[in-house]
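Fold and geometry: a report
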Amino acid sequence: MTMPVRQSIRIASYFAAQRLRGRDKFPLLVELEPLFACNLKCAGCGKIQHPADELRRRMPVEQALAAMEECGAPMVSIAGGEPLMHPEIDRLANELVARKKFVYLCTNALLVRKWWDKFDFRPSPYFAFTIHIDGLRERHDASVQHEGVFDEAVEAVRWLKDRGFRVTSNSTFFTNDSPQSVIDVLNYLNDDLQVDQMMISPAYAYEKAPDQEHFLGVQETHELFRKVFAGGNRSKWRLNHTPLFLDFLEGKVDFPCTAWGIPSYSLYGWQRPCYLMSDGYAKTYQELVETTDWEKYGRGRDPRCANCMAHCGYEPTAVLATVGSLKESLRAMRR
């Protein structure tokens, strides 16, 4: 992994504390969705399919902070929708950083430079912008169904790095991605843009997404990533994943889903079982953990999960397997 030392120590301490308290379920990272509205209509996402009155809603900062305090997770990914459309997104991020939460603010980057004077973001080892980039220019613009988005995202990455911010990337891949196109974009992000970390995931078949034809199946995912990772690519890219999760993508190991490790909190509450599915909501994280039948989810259990290999369900399993093994912990440290 390429996780900063400060963050690695904090996460290791967090795991140790959960073990001492005898907790068998606890959040590693929260997917926080303070709004559903977005300024793009991506083919693989269905968030903006919510009714118009729901798209106008914005989560109060105090509500988001209370949820994070209640669950105690050390990391939070602020998503949406497009978070930069939230009028108090900078205050939310700054309040979380003040509480020493590691914050990843996910954005398509269209508003970064355009609205910068509205914001009060500050560089911090606890804060990073996560820019969504699914491919090089033609591929990415096709994915988000809007020309010019790739070029603006690239300029935003450079602009933010010049101002001292940590910048990571998040890339989702579909059946119309070839091994070479994936290699090309990861090489570009790693070597040309030099983002601090990269996250990757096969797309989950989100039921409200406009495009239902290009979601990867399990075997297709294995085949794609075996070819992408060939030739030592894994070791040269600054991937923000455990080696075991990358093994999982290649089909070298298999894991059960651990959805409670990366729960989702949105305008509706704590989403069961994860941000990709909607089987009801809980008011508190404790209620989510105690009243959700976690054993019924995952590949081989729920037909909706048949082709899911998304990081929100399987990276927590890989992390738990890593910290539970001295061999895997040392392997992760060597990355």
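That block above? That's the structure.
Heads up: these notes are all about the structure in this document. All figures in this text were calculated on a predicted structure; none of them were measured in a lab. (Residues numbered from 1 in each chain as written. Predicted model: local features only at pLDDT ≥ 70, side-chain atom pairs only at ≥ 80, totals over all residues. Heavy atoms only, no water.)

Re the overall build of the chain
Defined as follows: Numbering goes from the N terminus for both helices and strands, where a helix is a DSSP run of H or I of at least four residues and a strand is a run of E of at least two. Each residue's exposure class comes from its accessible area (1.4 Å probe, protein chains only) as a fraction of the maximum for that residue type: buried when under 20%, exposed when over 50%, partly exposed otherwise. Only heavy atoms enter the contact rule, under which two residues are in contact if any of them lie within 4.5 Å.
Across its full length, the chain holds 13 helices and nine strands. Reported as C-alpha extents along the three principal axes, the dimensions of the chain are approximately 50 × 50 × 40 Å. Per-residue burial for the chain yields a buried fraction of 57% across its 335 residues. Partitioning the contacts of the chain with sequence separation of at least 6, the portion at a separation of at least 24 is 75%.

Points about unusual backbone geometry
Among all residues except glycine, the phi angle is most often negative; among peptide bonds, the trans geometry is most common. For the peptide bond that leads from G80 to G81, omega is 10°, which places it in the cis range. Its location among the elements puts G81 in the loop between β2 (75–78) and α4 (89–98). Note that the residue after R272, namely P273, is joined by a cis bond; omega there is -15°. The phi torsion at A109 lies on the positive side, around 80°, for a residue other than glycine. Looking at the secondary structure, you find A109 in the loop between β3 (102–107) and β4 (127–132). When its relative accessible area of 0% is taken as the criterion, A109 is described as buried.

So, α4
Most of α4 sits out of view: seven of its 10 residues are buried. Among the residues making up α4, those that are buried are I89, D90, L92, A93, N94, L96 and V97. Downstream of α4 by a residue or two, K100 has a phi angle that is positive, lying close to 60°.

Some words on the pairing of strand β1 (residues 29–32)
The condition is simple: Strand pairing requires that DSSP identify at least two bridges connecting the strands.
Across the two faces of β1 the burial is the same, with L29 and E31 and V30 and L32 all buried. Examined bridge by bridge, β1 and β2 share four bridges and lie parallel to one another. Residue pairing for β2: L29 is matched across the bridge by M75. Bridge analysis of β1 against strand β7 (residues 264–266) gives two bridges, and the strand direction is parallel. Bridged to L32 within β7 is Y265.

Observations concerning the side chain of N233
Filter applied, for reference: The definition of a polar contact used here is a pair of N or O atoms within 3.5 Å, where within protein one atom must be able to donate a hydrogen and the other to accept one, and adjacent residues in sequence count solely through side-chain atom pairs.
Along the polypeptide, N233 turns up in helix α9 (residues 233–236). Assessed through its relative accessible area of 9%, N233 is described here as buried. Only 2.8 Å separates the side chain of N233 from the backbone oxygen of V228, close enough to count as a polar contact. When neighbours within four sequence positions are excluded, N233 is seen to be in contact with I183 and V228.

A closer look at the side chain of T317
Mapping T317 onto the fold places it in helix α12 (residues 311–323). One polar contact links the side chain of T317 to the main-chain carbonyl oxygen of P256, over a distance of 2.8 Å. Not counting the four nearest positions on each side in its chain, T317 is found in contact with F255, P256, C257 and T258.

Considering the pattern of salt bridges
Quick note on the threshold: Salt bridges are defined by distance alone: a side-chain nitrogen of Lys or Arg within 4 Å of a carboxyl oxygen of Asp or Glu.
Taken as a whole and assessed by the stated rule, the structure comprises 22 salt bridges. Across the pair K227 and E223 runs a salt bridge, and its minimum N-O distance is 3.1 Å. Placement of both K227 and E223 in helix α8 (residues 218–228) is noted, with a separation of four residues, approximately one turn of the helix. Take E223: its relative accessible area is 43%, and that puts it in the partly exposed class. Salt bridges linked by common partners bring R234, D247, E250, K252, E328 and R331 together as one network.

Let's talk about helix α3 (residues 61–71)
Test applied: As used here, the arc belongs to the directions running from the helix axis to the C-beta atoms.
Among the residues of α3, those classed as buried are V61, A64, L65, A67, M68 and C71. When α3 is viewed along its axis, its buried side chains cluster within an angular range of 160° and face the same direction. Lining the buried residues of α3 we find β1, β2, α4, β7, β8 (269–271) and α11 (285–291).

Note that all results are geometric; they support no functional claim without further evidence.
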